[in-house]
Amino acid sequence: MPPGSEDESAPLMSATDRIGALPDHILHHLLSFLPAQAAVRTCVLARRWRHLWRSTTGLRIVGLDDEEPVQVQDLRKFMDHLLVLRERTDLDTVQIKFDLFNQDDEPYVNLWTRFAVICKVQVLTLRIHDELEYLDLDDLPLVSRHLRTLNLHGVSLRRTFVDFASCTALANLKIDDCFINFNKISSCSLKHLSITSCQSDLDCRVRISAPGLVSLELEDFIGITPLLEDMASLEAACVDLSVECKDVCLNYGSGVFCGANDNTCKNCVPGSDDCSSDCLLLGGISSAKHLKLISDTGKFIFTRDLKHCPTFSKLKTLLLNKYWCVAPDLDPLSCILTNSPVLEKLTLELFPKGQNPKLEIKGSYCCMERPSAISEHLDIVEVKCDVIDEIIRKVLKFLCALNIRFSFE
């Protein structure tokens, strides 16, 4: 055929025909990326597409327009029909995402969540963005041998729901901006746990028991700080006690907490549920190789833990904020460095949270004749700050006494 000429007898194949020629299992997977309403609408494309939506590998219960607020009420009737007509094939992923809900919507969302579990969902995400209240989840335990990842946002969690004894495959759990109404979260299978911007009004500490945990993120907890049980397999942890933490020393002043004198406030008195002879946080994460420990001034948890300071025998990198350097004698900083025998990198962020440092001072361990009180593996020391003030000078002088030599950049 000469170049540029057309074969008028050759049939034209549309984009729909090309996609429609794919195997069913691929089309089921592709449809799972669409909102459920859009996936159902593909039934009008051609005879081949009529029932494909009934067996998608994923289900997205969301709005069609990401820019418009989505209400649960808008999809209740649609979901009633979908749950009846859909095949009971397994689901890899389910995403339920809404901006607004009413109290009478809660049974529907709970029903959709249970439907996902019945369909052996592996990755389940429930995100509620209502700024006025939390959606209340059923006080029924999750029972699934298939659920691997659970992401929760904007919901109220009760004790039975977070009993993951029957979720033997659960490895990833993320709880963000949720109301916590339980006193223990436990899982033997959990590998990665993130609890951020959550709040609790309980008068006892939430116990976190996850002996197989590899990574932990505990940030901006509003209420009494949770208690971390032993995590022997932990690789990395970030613990950030924000200004909303209720563990505040009422006698705190100029870096001095209760215990430095005989005047002990009611907040610093260990309760029976606090394991007063052990640590609340540091003991549980003492096996980590990488730690980020941040606290707002006036919180006593880390300082109290240091009275029973464990040995961080595997710790390679450590990041601390100004909290660790405000005490007159720098005891908190000294204690954790002394108990980190293989530490290789220390970063001190001595500038306001949320800002960028204007100055970075770098140093490293310098072998001297006198014995070292800290790790001789300390190759990198970073001190990040805005200006060289009294606290910075004190910290630098303290580190120099430990055989750390600095250069300015």
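Before reading on, note that the structure itself is shown above.
Criteria and cut-off values
Every chain is numbered on its own, with residues counted from 1 as its sequence reads. At least 70 in pLDDT is required for a residue's local features to be given in this predicted model, at least 80 for side-chain atom pairs to be given and counted, and no such filter applies to totals for whole chains, interfaces and linings, which use all residues. Remark: hydrogens and water are excluded; side-chain values derive from all non-hydrogen atoms of the structure. Secondary structure counts use DSSP, requiring at least four H or I residues in a row for a helix and at least two E residues in a row for a strand, with both numbered from the N terminus. A 1.4 Å probe rolled over the protein chains alone gives each residue an accessible area, and that area as a share of the maximum for its type sets the label: buried under 20%, exposed over 50%, partly exposed in between. Should any heavy atoms of two residues lie within 4.5 Å, those residues are considered in contact. Orientation is described by lines fitted to C-alpha atoms, with helices fitted over the stretch in contact, and by angles between N-to-C directions that extend from 0 to 180 degrees. Should an angle lie under 35 degrees it is considered roughly parallel, over 145 roughly antiparallel, and from 65 to 115 roughly perpendicular; all remaining angles are considered oblique. Handedness of a crossing is defined here by the sense of rotation of the near helix relative to the far one, left-handed for an anticlockwise turn of less than a right angle and right-handed for a clockwise turn. Ten residues, namely Ala, Val, Leu, Ile, Met, Phe, Trp, Tyr, Cys and Pro, are considered nonpolar, four, namely Asp, Glu, Lys and Arg, are considered charged, and the remaining ones, Gly among them, are considered polar. A pair of strands is considered paired only if DSSP assigns at least 2 bridges between the two. Salt bridge, as used here: a side-chain nitrogen of Lys or Arg that lies within 4 Å of a carboxyl oxygen of Asp or Glu.

Scanning the chain for helices and strands turns up 8 helices and 20 strands. For the chain, buried positions account for 47% of its 409 residues. For the chain, restricting intrachain contacts to residue pairs at least 6 apart in sequence, the fraction spanning at least 24 positions comes to 60%.

Turning to the packing of helix α4 (residues 72–85) against helix α5 (residues 106–118), a few remarks are in order. For the pair α4 and α5, interaxial distance at closest approach is 10 Å and the crossing angle is 40 degrees. As summarised for this structure, α4 and α5 are arranged oblique, according to the angle between their axes. In the crossing of α4 with α5, the sense of the turn from one axis to the other is left-handed. Facing α4, whose interface residues are V72, L75, R76, M79, D80 and L83, α5 presents Y108, V109, L111, W112 and F115. Split into classes, the residues belonging to the contact of α4 with α5 amount to 9 nonpolar, no polar and 2 charged.

Sheet architecture is open: 3 strands sit in the order β4-β6-β8, paired in parallel fashion. Looking along the sheet, the strands with just one partner apiece sit at the ends: β4 (135–136) and β8 (179–181). Alignment of strand β6 (residues 155–158) against β8, held across 3 bridges, turns out to be parallel. When the sheet's bridge partners are listed, R158 is paired in β8 with N181.

A separate point is the pattern of salt bridges. All told, the structure shown has 12 salt bridges when counted by the stated rule. With a shortest N-O distance of 3.4 Å, E229 and R207 are connected by a salt bridge. Taken together, the residues E229 in the loop between β13 (227–228) and β14 (236–241) and R207 in strand β11 (residues 207–209) connect sequence positions 22 residues apart. Exposure remark for E229: the relative accessible area of 23% places this residue in the partly exposed category.

Any link to function would need more than the numbers given here.
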